[in-house]
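# Structural features, examined
What follows is the residue order along each chain.
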Amino acid sequence: AARARRGVVTRFWFGPLLFVLACASSSTNPPEVVPRQLASRPEASDEVLRGERLLVNGRVSEAQRIFEKAIAEDENDARAWLDLGLSHEAGGHLQAARESYWRATEVDPAFAEAFNNLGVLEREAGELDRAIATLERAVELDPDLTAARFNLGLSYEEAGRIEDAEREYLATIEQSPGDPVPRINLAMMYLAEDRAEDAAAQLRASVPSVRDDVLLSIAVGEGLRRAGLPEEAVPVLRGALQVAGEPPPTELLAELALAEYAVGDLDAAEGTMARAVLQNELDPALHYAYGSILAKQGKIGEARKHLRRVEALDPDGPYTSRARQRLEMIK
């Protein structure tokens, strides 16, 4: 599963799970680049396969012991090294995970999936140049490895290499058209580049794939609103509200209220934002938004109360100056 936020990364995983999430850091140098060759996909022994099944089922310690035993018997078992890295990540041992992925690439320099996982850890550790070099190696070895292309796109975007990031995101979308996450990441990048029409096209294409995913629906709704299409954002967000359960995420209520406000449905916006504020009374951003909606409704006394609450909650915060300006306007 992947969250619909920019910076989400995918991991390679043999077996039932194709992509997982994680993070890390190390001082090891990147592997030496070797001539392009066909990417390898190391086979697993029966025991390593058993360890992978245990890992999928959350039995991390048991799985890790199996991988360690396999490596003790054959230190050149690249797949066991990859799996050991995954088990270290699952246990929160990020340095050890990174070293295991590095060892997998050392044992098998054509192991694209290991380069992908290593590159993700380097990116999350803030070593962006190194991450890009490692992920480029993964893509060079296997251009069809969707996870690596997506992770490389994220890294390029973070480095400000927008054209390169766009190329990798589009390649990911072509390889996996039913996955909304690359489309959402690309759309958010387009919005940051003031390319609202391009963003809207990607967001519209993702709508059918996010209907049962509340977090992804929030991201799509936000993107459509920011692209100037709040009338398309509202049904997406209301659909998410129907499947969210009780209580719905505060972020969903707040985003829906903003979209309702943008289409001019002030009564609906007021009611929805009131629910959001009730769920999180200590969030100054919610009080600012609610105060602004109330002011637009002409409910000046209530608006002042919430705008003043912004300053009380966070005197030096980003919404305080806006709240003061709003209060001056509604004197």
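Our structure is the block above this text.
Described below are features of the structure shown in this document. Since the model is a prediction, treat every value here as computed from it, not as a measurement.

### Remarks on the nonpolar core
Grouped together as the largest cluster of nonpolar side chains are 47 residues, with contacts concentrated most on Y169, I184, V220 and L224. The element best represented in this core is helix α9 (residues 180-192), accounting for eight residues. By size, the runner-up hydrophobic cluster in this structure holds 24 residues, among which are A70, L86, W102 and A114.

### Points about the packing of helix α11 (residues 214-226) against helix α13 (residues 250-262)
Contact geometry of α11 with α13 gives a least axis separation of 10 Å together with a crossing angle of 25°. Between α11 and α13, the angle falls in the class roughly parallel. As α11 runs across α13, the sense of the crossing is left-handed. Contacts between α11 and α13 involve V214, I218, G221, E222 and R225 from the first element and E251, L252, E255, L258 and A259 from the second. Across the contact of α11 with α13, the residue classes break down as five nonpolar, one polar and four charged.

### Overview of unusual backbone geometry
Look at the link from E246 to P247: it is a cis peptide, with omega at -10°. Among the structural elements, P247 can be located in the loop between α12 (230-244) and α13. One non-glycine residue, D194, lies in the positive phi region at around 60°. Within the secondary structure layout, D194 lies in the loop between α9 and α10 (196-206).

### Quick notes on the layout of surface pockets
Considering only enclosed or pocket space, the second largest pocket measures out at about 320 Å³ in volume. What lines the second largest pocket is a set of 14 residues, among which L258, A285, Y288, A289 and Y319 lie closest to the centre. Breaking the lining of the second largest pocket down by element, the ones donating at least two residues are α13, α15 (284-297) and α17 (320-329). Per-element accounting of the lining of the second largest pocket gives the leading share, six residues, to α15.

### A few points about α17
Regarding α17, the residues found buried are T320, A323 and L327. The arc that holds the buried residues of α17, viewed along the axis, is 60°, so those residues lie on one side. Residues Q325, E328 and M329 are exposed on α17 and point more than 90 degrees away from its buried face. Elements in contact with the buried residues of α17: α15 and α16 (300-313).

Reading guide: rules and limits
- Residues numbered from 1 in each chain as written.
- Predicted model: local features only at pLDDT ≥ 70, side-chain atom pairs only at ≥ 80, totals over all residues.
- Heavy atoms only, no water.
- Core = buried A, V, L, I, M, F, W, Y, C linked by side-chain atoms within 4.5 Å.
- Buried < 20%, exposed > 50% of the residue type's maximum accessible area, 1.4 Å probe, protein only.
- Helix = DSSP H or I, 4+ residues; strand = E, 2+ residues; numbered from the N terminus.
- Axes fitted to C-alpha atoms, helices over the stretch in contact; angles between N-to-C directions.
- Parallel < 35°, antiparallel > 145°, perpendicular 65-115°, else oblique.
- Left-handed = near helix turned anticlockwise from the far one by under 90°.
- Contact = heavy atoms within 4.5 Å.
- Nonpolar A, V, L, I, M, F, W, Y, C, P; charged D, E, K, R; others polar.
- 1 Å grid on protein atoms, 1.4 Å probe; cavity = no way out; pocket = protein on both sides within 12 Å on 5 of 7 lines; lining within 4 Å.
- Points joined across faces, edges and corners; volume = space filled by probe spheres on them.
- Arc of directions from axis to C-beta.

What is shown is where atoms sit, not what they do.
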